[in-house]
Amino acid sequence: MAKIAKKTARGRAAPKLAKVGPGELVTLIDYVRYGVSRFVEARLAFAHGTTDPVAEAAFLVSEALHLNPDQFEGFAHARVTAAEGKTILDLIHKRVTTRKPAAYLVNKIYMRGLPFYVDERVIVPRSFIGELLESHFGGDGEAGSLIDDPTTVERVLDLCTGSGCLAILAAYHFPNAVVDAVDISKGAIEVAARNVAEHGLDERVTLHRGDLFAPLGDARYDLIITNPPYVDAEGMAALPPECRAEPKLAFDGGADGLDVVRKILRDAPDHLTPGGGLICEIGRGRELVDEAFPELPLLWLDTEDSEGEVFWISAADLG
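Within each chain, residues carry numbers counting from 1 in the order of the written sequence. Under the rules for a predicted model, residues below a pLDDT of 70 receive no local features and side-chain atom pairs below 80 are neither given nor counted, while totals for whole chains, interfaces and linings still include all residues. Side-chain numbers here rest on the full set of heavy atoms in the structure, without hydrogens or water.

**So, the nonpolar core**
- Put simply, buried Ala, Val, Leu, Ile, Met, Phe, Trp, Tyr and Cys residues joined by side-chain atoms within 4.5 Å make one nonpolar core. Exposure is judged per residue with a 1.4 Å probe applied to protein chains only, and the accessible area is read against the type maximum: over 50% gives exposed, under 20% gives buried, and values in between give partly exposed. Counting 39 residues, the largest nonpolar core has L133, F137, V156, F174, L223 and I279 as the members making the most contacts within it.
- Of all the secondary-structure elements, those providing two or more residues to this core are helix 5 (102-106), strand 1 (109-111), helix 6 (129-136), helix 7 (165-173), strand 4 (178-183), helix 8 (186-198), strand 6 (221-226) and strand 9 (310-314).
- Helix and strand definitions follow DSSP, with helices as H or I runs of at least four residues and strands as E runs of at least two, each counted in order from the N terminus. Broken down by element, this core gets its largest block of residues, seven residues, from helix 7.
- Any two residues whose heavy atoms approach within 4.5 Å at even a single point are treated as in contact. Each residue touching V156, except ones within four places of it in the same chain, is listed here: A170, F174, A177, V178, V179, D180, Y221 and L223.
- Listed in part, the 28 residues of the second largest apolar core include L212, I264, I282 and A315.

As structure tokens, then:
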């Protein structure tokens, strides 16, 4: 009887990785090259903190060796022990065969150079808002600054906080602010609590479990930041396996992707101070958002890796 190939959870034959003999891979860069080859061969998707197979392989090698990503270049040609090599190869194998995001395999992701714990209870953070906090809220008087002086911001709200990374970045960027962070998921709040504690921000960041503004009463904020679910029905059906490993709740924005965005824009005026504003990430749905809210003077913001995927609107313009 012919042998039956092992199947993955989705019914496909599990990929077979090329065998590695003793001494064939020696340095960190050797293992990165091997990882890149396997990732390309398996046609993996990259959108979870890294954007290409080279960065992904370097990330996994660094984490396996307990190195900060910034240290990789300095050790690229250092030799790897046999035990370390096995750990790296195991991670590469899991990345290919499970199609889970690399961040889940090592329970870590970096945003703006800071480490955050993540697991399957939360979406892997990859928001552009962290960069925008630095580029548009600098207080240096530069053109395009949306809030003149970060030290004057006293209250910040992070809606759909997930792992809590944006709330934590906001706490660092606005040194005099207290931050409220809300998520409807119990698991997400648990992960966020771990990150808040690990960054020593328990006294400045308060977590709330609930639906958007519901647990906040009549509280008002100088800044609301949010990276809500915004994937439409067509996009949900086409998500790659990596994204299907993440919580569906964090993606699903309804038929046109705007269900949650509509609620946020509707209720935000009741929770902003007169000089405050809202910054919201919407992915590649700018055209749809502009069509749905033609009366709103949305300011679309660009980053190094995105164009028109995040908008800003002031409290005065929200009405």
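**Some thoughts on the pattern of salt bridges**
- Within this document, salt bridges are pairs made up of a side-chain nitrogen of Lys or Arg and a carboxyl oxygen of Asp or Glu, the two lying within 4 Å of each other. Scanning the model with the defined rule gives 18 salt bridges in all.
- Between E134 and R112 there is a salt bridge whose closest N-O contact spans 2.9 Å. Taken together, the residues span a long stretch of sequence, with E134 in helix 6 and R112 in the loop between strand 1 and strand 2 (114-116) at a distance of 22 residues.
- Among the residues examined, E134 registers a relative accessible area of 42% and is labelled partly exposed.
- Relative accessible area serves as the criterion here: at 43%, R112 is assigned to the partly exposed category.
- Between E246 and R126 there is a salt bridge, with the nearest N and O atoms lying 2.6 Å from each other. With E246 in the loop between helix 10 (241-244) and helix 11 (259-267) and R126 in the loop between strand 2 and helix 6, this residue pair connects regions lying 120 residues apart in the sequence.
- Sharing partners across several salt bridges, the network here consists of E56, R95, R99 and E242.

**Some points on the state of the cysteines**
- Cysteine sulfur atoms are paired as a disulfide whenever they come within 2.5 Å of each other. Using the criterion set out here, one finds zero disulfides in the structure.
- No disulfide involves C160; its sulfur sits 8.6 Å from that of C280, the nearest cysteine.

**Quick word on the side chain of T303**
- Inspection of the secondary structure puts T303 in the loop between strand 8 (299-301) and strand 9.
- Judged by relative accessible area, T303 falls into the buried class, the value being 12%.
- In protein, a polar contact requires one atom able to donate a hydrogen and another able to accept it; more generally it is a pair of N or O atoms within 3.5 Å, and residues adjacent in sequence count only if both atoms are side-chain atoms. At 2.7 Å, the side chain of T303 and the side chain of S306 are in polar contact.
- Excluding residues that lie within four positions of it along the chain, T303 makes contacts with F128, E131 and L132.

**Observations concerning the packing of aromatic side chains**
- Only the six-membered ring of Trp is used, alongside the rings of Phe and Tyr, when aromatic pairs are assigned; centres must lie within 6.5 Å, and planes under 30 degrees apart are stacked while those over 60 apart are edge-to-face, with the rest tilted. This model, assessed by the stated rule, comprises four aromatic pairs.
- Where F39 meets F46, the ring centres are 6.3 Å apart and the plane angle is 50 degrees; that geometry is what we call tilted.
- Judged by centre distance (6.1 Å) and plane angle (85 degrees), the rings of F137 and F174 are edge-to-face. With a gap of 37 residues between them, F137 in the loop between helix 6 and strand 3 (155-159) and F174 in the loop between helix 7 and strand 4 connect regions that are remote in the sequence.
- Here F174 falls in the buried class, since its relative accessible area comes to 0%.
- One aromatic cluster is present, built from ring pairs that chain together F137, F174 and W312.

**Things to note about the sheet that holds strand 6**
- DSSP-based pairing: two strands are paired if at least 2 bridges between them are found. The strand order 5-4-3-6-7-9-8 describes an open sheet built from seven strands, whose pairing is mixed. A strand with exactly one partner marks an edge of an open sheet, and here the two such strands are strand 5 (205-209) and strand 8. Between one strand and the next, the sheet's axes are offset by a mean angle of 20 degrees, whatever the strand orientation.
- Note that strand 8 and strand 9 share three bridges and pair antiparallel. Pairing of W300 across the sheet is with F311, part of strand 9. Note on geometry: axes are lines fitted to C-alpha atoms, helical ones only across the stretch in contact, with angles between N-to-C directions running from 0 to 180 degrees.

**Let's talk about unusual backbone geometry**
- One non-glycine residue, R99, adopts positive backbone phi at about 60 degrees.
- Mapped onto the secondary structure, R99 falls in the loop between helix 4 (82-98) and helix 5.
- The phi dihedral of R112 falls on the positive side, at around 50 degrees, and the residue is not glycine.

**A closer look at the environment of I109**
- Looking at where I109 falls in the secondary structure, it is placed in strand 1.
- Overall, the relative accessible area of 3% leaves I109 in the buried class.
- Note: C-alpha distance between I109 and G49 (60 residues apart in sequence) is 6.7 Å.
- Discounting chain neighbours no more than four positions away, the residues touching I109 are H48, G49, A103, L114, P115, F116, V118, V124 and P125.

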